[in-house]
Amino acid sequence: MVRKKFPYFYGVNDEPDESLFKKQCAAIERHIPNLKKEKLLEDVDGSSIQIYYHEKGEVRVCNDYCYGDLYVESDFDLLPYFGGGNEC
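Anyway, here's the lowdown on the structure attached to this text. (Residues numbered from 1 in each chain as written. Predicted model: local features only at pLDDT ≥ 70, side-chain atom pairs only at ≥ 80, totals over all residues. Heavy atoms only, no water.)

## Describing the packing of aromatic side chains
The relation between two aromatic rings is expressed through the spacing of the ring centres and the mutual angle of the planes.
Piece 1. As enumerated under the stated definition, the model contains two aromatic pairs in all.
Piece 2. Seen in terms of ring centroids, F76 and Y81 are 6.0 Å apart; in terms of plane orientation they differ by 75 degrees. Their pairing is edge-to-face.
Piece 3. Given the relative accessible area of 6%, F76 is considered buried. (Phe/Tyr/Trp six-rings, centres within 6.5 Å; stacked < 30°, edge-to-face > 60°. Buried < 20%, exposed > 50% of the residue type's maximum accessible area, 1.4 Å probe, protein only.)

What follows is the structure in structure tokens.
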């Protein structure tokens with residue numbers, strides 16, 4: 001399976017963190033209008049991926065135990081939705 005490459009990547013934490021994952025999902029849902037939230041994907045290793053669809057493309061919040069990171073990937077720049085700050 002070929003993994004999709006996203007033009008935008010935002011490192012949130014250098015290790016997986018369930019609490020931060022939930023907070024990041026909530027922040028994205030609060031700041032970006034017109035998102036369609038998909039069912040949460042959970043892997044056997046404990047990783048979670050929350051996928052959202054927007055008219056500009058896809059957004060993924062990944063709590064990744066395989067790579068040891070919490071990050072956001074997107075087809076479009078998310079910073080304008082957060083005032084250009086560091087909340088995302």
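Structure's up, so let's keep going.
## Focus on the pattern of salt bridges
Piece 1. One pass over the structure, following the stated rule, counts five salt bridges.
Piece 2. Note that E29 and K37 form a salt bridge whose closest N and O atoms lie 3.2 Å from each other.
Piece 3. Accessibility expressed as a relative area gives 36% for E29, which makes it partly exposed.
Piece 4. The shortest N-O distance in the salt bridge between R60 and E58 comes to 2.5 Å.
Piece 5. Via salt bridges that share partners, K4, E58, R60 and D75 belong to a single interconnected network. (Salt bridge = Lys/Arg side-chain N within 4 Å of Asp/Glu carboxyl O.)

## A word on the side chain of S74
Piece 1. Turning to its location among the elements, S74 is positioned in strand β6 (residues 69–74).
Piece 2. S74 gets classed as buried once you look at its relative accessible area, which sits at 0%.
Piece 3. Within the structure, the side chain of S74 is placed 2.7 Å from the backbone oxygen of F76, a separation counted as a polar contact.
Piece 4. Not counting chain neighbours up to four residues away, the residues in contact with S74 comprise F6, P7, Y8, E58 and V59. (Helix = DSSP H or I, 4+ residues; strand = E, 2+ residues; numbered from the N terminus. Polar contact = N/O pair within 3.5 Å; in protein donor to acceptor, adjacent residues only side chain to side chain. Contact = heavy atoms within 4.5 Å.)

## Re the state of the cysteines
Piece 1. Counted according to the given criterion, the structure contains zero disulfides.
Piece 2. The closest cysteine sulfur to the non-disulfide-bonded C25 is located on C62, 9.3 Å from its own sulfur.
Piece 3. The thiol of C66 is not disulfide-bonded; the next cysteine sulfur, from C62, is found 12 Å away.
Piece 4. For C66, a relative accessible area of 59% gives the class exposed. (Disulfide = S-S within 2.5 Å.)

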